[in-house]
Every structure is written in structure tokens, then in C-alpha cells.
Amino acid sequence: MKDSTLFRLLLAAAAALCLFAVIYLHTFSQSGDNSERVSFVVEHFYEPEDAKQDTAVPSQEDSAAEDFAADINDIDDGFDLADGLYDTDLYLDKIKDFQAKVESAARQQQERAENSSADETEDDNNDRDNINDHNDIYDNDDYYAYEDSSDDEDNSASSRAKAVIIDTDFASDSDDVVAVRLAMCLQDAEMLDIRGIALSTTYSRSPLAVHSLCYQDGYGSIPVAMDTSGNGVQVHTEYVDVMSEMARSRSDYDQPVQMYRRILSESDTKVNIITLGFLQNIQVLMNSKPDQYSPLTGRELISEKVDTLYITGGNSTGKPSFNFYWTGEKVINAARDVSKEFPARVVFLQSDLGDDTFCGQFYQTKDSNHRDIVTKALYANDQYGGVVAWDVFSIWCAAQDINNNLDASFLELEPGNQYVSHTGATQWTADSNGRHYKMYKRMQGSYYSQIMNGLLLKKLNGPS
């Protein structure tokens, strides 16, 4: 009897210890003071082992570059424990300040190089080389994987065009709605310039739904396109029905290929394309012929006017990727053609990238009366608790690359080649000479989720 009682006491003590450990770890992971986690990330992921000597803190002469690592840590100072959200204004200010410091360091280095005397010591030369290595990620002539035919055009990341066309599906998951909302948040922050929104699915009310969303967010003039030739994927979703019944400033829509060709031909800067769904529209654009908008073929027009194509799709599991196979042959062939032949820079944002990111949880409490169009869409699609932020995170990641914020945002690109099989499955092969890029994140998904939710909540609350 005593042995049995002792055993039960020991078992209870062990259970209590396990519970304490779980609570402690959860509290740490959710803490607003992320200094320990950020320091770990900076130490073990931000600075590669083989580059620590070359990217050591520059000399005191480079005061702007000297605080580089401190600035990375400082960007993480905007967490608000009360709401579990991010201070969006503080984040954007720190990003801009970070960029300014990096650009200042680069200018200082260039001035020293131009004014250096012929009798400079070897040590001074080594210091200058180290600073060059440090800033290569911001001004890299080899940033593009494809061959650029223009010798005098600046293709560095710092000059990347902010104009974008979003290609979305508005299919079974309402994360597309939250993604387009986030894109307009980033337009508010002057990080994106949305020139048009194309649908890769076909449903008569979808263009109306997109127009309603743009109108509510203050961008009712953005053109919308949807294919009616049979190339789109047929869908019907209740959240689209709900959105289409809300106020809007226009109801018209173009054919995707016509909208793409018009926007590209009229743009005086290069344009980025962010796809959140299927790739038939991009395939048709590639194969398009000269028309009233441009004497160029689709491939020629892309080469001349498209900066980067960001593709949401692919995964590391070996299983078919939804955006590359759903409904069959038409979708698969488009994914294969675009991945093999798109004549501009391509960045893949695989589903693995956003598997642990979540957005929109606050809509059910911050908009309990369902006045906002996104809240209505989430409830109509039974996703009132928020969405897995696959498409939302794709928009955010693309915007960071477009604005040269990858390092400040704990993101990185790996060059290589993306193979899409006849089943829609993908295989990534790292290759320094590859024609594609693949995005990786250095922080846990909760870090990015808080930032994105902060932007979305600011939009919901309206102007302060």
C-alpha cells in the first residue's frame, strides 16, 4: 500500500514538473522581449560562419556600418505585449533607418576608394575589401539569374521597381483576401505600387469581390482582370458571393493577357508580378503576340518590362504543390512552362515558407460587428479564427525583396533551379549559377505573423 502511494506521489511530481516546463517554454516563446531569440538568430543564422572574418565590424571610420548588428537587433524592439501585435510604424521607421545607414556606409566606402592615395598600406586595402564584401548583398551585379542584355541598366537590388501586378486565385481558402489586403497595407506604406490584380480562376462574381475590397481599402481605381476564354480554373466560393455584394466604384474587368500587356507596355519602370495561385495567366502572357499595346512578343515584353516574378508554389515534401497541380493537366503544364521558360528573374515562395505563419485572428474580436469586408469573407468561409498565411506571407516576402529589406527582415535568397514534374511535384536544387531563387526565413513564423497582423490591424482601425 505504501509503495503504491509513493509511486502515485512520484508520478504526480513528474507531471507537475513537465507542466511547469511546458508553461515556461510557452511563455518564453511568446515573450515580448525577444532580445535573446534575436541575438541567437543573428549569431547563428544572420552571419555565416565562413564570412565572419570578411564581414567583421568595419573600422571606426565607418560609424554608420559599425552598428550594423545592433540595428538588426533594434528592429525587433516594436512588440506590444498587450495585443500580441507589432508596432507597425516603429517597424517601418527602423527598416528605413537601417537602409539609410547601409547606404551611408556604402557611400563612405566609395568616397574613400576614390580619394585613396597610391601609397595606401596593404592593411588599409584589406579593410576596404572587407567593407565591400559586407555591402555586396545590397549592390550585387549578379543579383539576376537570367542574362541581362542591357549593359548600362542598373539591376542592383536597391533599384528594384516597386510597381506590382498581383495574380491571385480567390479559390477555396480566403488567405487570398487577407493577402490582397496586406498588399494594400504595403501600398499605404509606399512599399508597393499595385498596378493591377488578375484572377487565375473563373467565377462571375470574383471581379466584383476584388473591386469591393480595393474600394473599401481606398484603391477603387485598380484594374481587375479575369479570363473568360476557358483558360481559368472554375471555382465557386461563398466568401466571394458575400464580398461581391458590398459597395464598389466599378464592375468592369479585362482579360488577363490584355491587362498585363497594357500595364507593362505603358510602364516607364520595370514591374514585378506576384502570383498567389495558378500560372495560366503568366503562361498565356509568355506566349502572347504583338497587339495594339506593344509590337513585342510576350517573351520580349517580359524581358524588357518585368523585373521579378514571385511564384507562390512548390514544397519540399515531394508531393504535388496545390498551385501547380489542382484540377490537372492545364495547371500542371502552366507551372512547368513558366518555371522552365520565364525570361526574367524568378523567386519561388514555397508553401513550406508560410506553414507556420498565421494572420487575421484579431478580426473576430476587433470587428465583432462584421463591418469590414475581410471579416465578412473570413466568417463566410468559416475561417473567423484567422488563416494559415501562405499567400499573405508571400506578399510580405516579395515586398521585402522589392524594397531591398531581406537582411533587415531576416529573409534570404538561395540561387538554384526549381524542377516541376508532370504531377506538379517540385524538386529544388541549389546552384550558384541557377536561373531561379528560393526564399528562406531565419525566424519562426510567429515573428512575421506579428508584423503582418500589425499592418492589417492598422488598416482595420483606419487613419489614426
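Everything below is about the structure printed above this text.
Residues numbered from 1 in each chain as written. Predicted model: local features only at pLDDT ≥ 70, side-chain atom pairs only at ≥ 80, totals over all residues. Heavy atoms only, no water.

A. Quick look at the packing of helix H10 (residues 256–266) against helix H12 (residues 298–305). Relative orientation of the contacting elements H10 and H12 amounts to 40°, with a least axis distance of 10 Å. Taken together, the axes of H10 and H12 are oblique relative to one another. Considering only the axes of H10 and H12, their crossing is left-handed. For the pair H10 and H12, the contacting residues are Arg 261, Leu 264, Ser 265 and Glu 266 in the first and Gly 298, Leu 301 and Lys 305 in the second. Partitioned by chemical class, the residues of the contact of H10 with H12 number two nonpolar, two polar and three charged. (Axes fitted to C-alpha atoms, helices over the stretch in contact; angles between N-to-C directions. Helix = DSSP H or I, 4+ residues; strand = E, 2+ residues; numbered from the N terminus. Parallel < 35°, antiparallel > 145°, perpendicular 65-115°, else oblique. Left-handed = near helix turned anticlockwise from the far one by under 90°. Contact = heavy atoms within 4.5 Å. Nonpolar A, V, L, I, M, F, W, Y, C, P; charged D, E, K, R; others polar.)

B. Spotlight on the sheet that holds strand E6 (residues 224–226). Strand order across the open sheet formed by nine strands is E6-E4-E3-E8-E9-E10-E15-E13-E14, with mixed pairing between neighbours. Looking at the sheet topology across the chains shown, the edges are occupied by E6 and strand E14 (426–430). Neighbour-to-neighbour, the strand axes of this sheet turn through a mean angle of 30°, independent of strand direction. In this structure, strand E3 (residues 163–168) lies alongside strand E4 (residues 193–199), joined through six bridges in parallel fashion. The residue bridging Thr 168 from the neighbouring strand is Leu 199, located in E4. Helix-sheet contacts for helix H7 (residues 175–188) involve E3 and E4, and the interaxial angle to E4 is about 165°. Most of the contacts of H12 go to strand E9 (residues 306–312), to which it runs at about 105°, and overall it touches strand E8 (271–275) and E9. (Pairing = 2+ DSSP bridges.)

C. Spotlight on the packing of aromatic side chains. Following the criterion strictly, the structure yields twelve aromatic pairs and no others. Taken together, a centroid distance of 5.9 Å and an interplanar angle of 40° make the contact between Phe 278 and Phe 322 tilted. Of this pair, Phe 278 sits in the loop between E8 and helix H11 (280–286) while Phe 322 sits in helix H13 (residues 322–325), and the two are 44 residues apart along the sequence. The exposure class assigned to Phe 278 is buried, which follows from its relative accessible area of 0%. Their ring planes at 25° and their centres at 4.5 Å tell us that Phe 362 and Tyr 363 sit as a pair that is stacked. With respect to class, Phe 362 is no different from Tyr 363; both count as buried. An aromatic cluster is present here, built from Phe 393, Trp 396, Phe 410, Tyr 447 and Tyr 448 joined pairwise through their rings. A cation over a ring is seen here: Arg 345 above Tyr 437, with NZ or CZ 5.1 Å from the ring centre. (Phe/Tyr/Trp six-rings, centres within 6.5 Å; stacked < 30°, edge-to-face > 60°. Buried < 20%, exposed > 50% of the residue type's maximum accessible area, 1.4 Å probe, protein only. Lys NZ or Arg CZ within 6 Å of the ring centre and 35° of its normal.)

D. Molecular detail of the pairing of strand E13 (residues 411–420). Alignment of E13 against strand E15 (residues 436–441), held across six bridges, turns out to be antiparallel. Residue pairing for E15: Leu 411 is matched across the bridge by Lys 441. Connecting the antiparallel pair E13 and E14 is a turn made up of five residues, with Gly 424 showing a positive phi of about 95°.

E. Highlighting the nonpolar core. Counting 73 residues, the largest nonpolar core has Phe 170, Leu 182 and Trp 396 as the members making the most contacts within it. Considering every element that reaches this core, the biggest residue donor is H7, with nine residues. Residues Leu 264, Val 271, Leu 285 and Met 286 belong to the second largest nonpolar core, which totals 28 residues. (Core = buried A, V, L, I, M, F, W, Y, C linked by side-chain atoms within 4.5 Å.)

F. Just the pattern of salt bridges, in detail. Applying the stated criterion across every chain, the model contains 13 salt bridges. For the salt bridge of Lys 459 with Asp 188, the shortest nitrogen-to-oxygen distance reads 2.7 Å. You can see Lys 459 sitting in helix H19 (residues 445–461) and its partner Asp 188 sitting in helix H7, a full 271 residues away along the chain. Relative accessible area serves as the criterion here: at 18%, Lys 459 is assigned to the buried category. Judged by its relative accessible area of 40%, Asp 188 falls in the partly exposed class. Via salt bridges that share partners, Arg 181, Asp 217 and Asp 372 belong to a single interconnected network. (Salt bridge = Lys/Arg side-chain N within 4 Å of Asp/Glu carboxyl O.)

G. Local environment of helix H17 (residues 373–380). Taken residue by residue, H17 has Ile 373, Val 374, Thr 375, Ala 377 and Leu 378 as its buried positions. Structurally, H17 contributes buried residues whose contacts are with H7, helix H8 (206–216), helix H9 (238–244), helix H16 (363–366) and strand E12 (387–388). Asp 382, located one to two residues past H17, shows a positive phi value of around 55°.

H. Broad picture of the side chain of Asp 401. Within the secondary structure layout, Asp 401 lies in helix H18 (residues 390–402). Taking relative accessible area as the criterion, Asp 401 reaches 0% and is therefore assigned buried. Reaching out from Asp 401, the side chain makes a polar contact with the side chain of Arg 345 at a distance of 2.9 Å. (Polar contact = N/O pair within 3.5 Å; in protein donor to acceptor, adjacent residues only side chain to side chain.)

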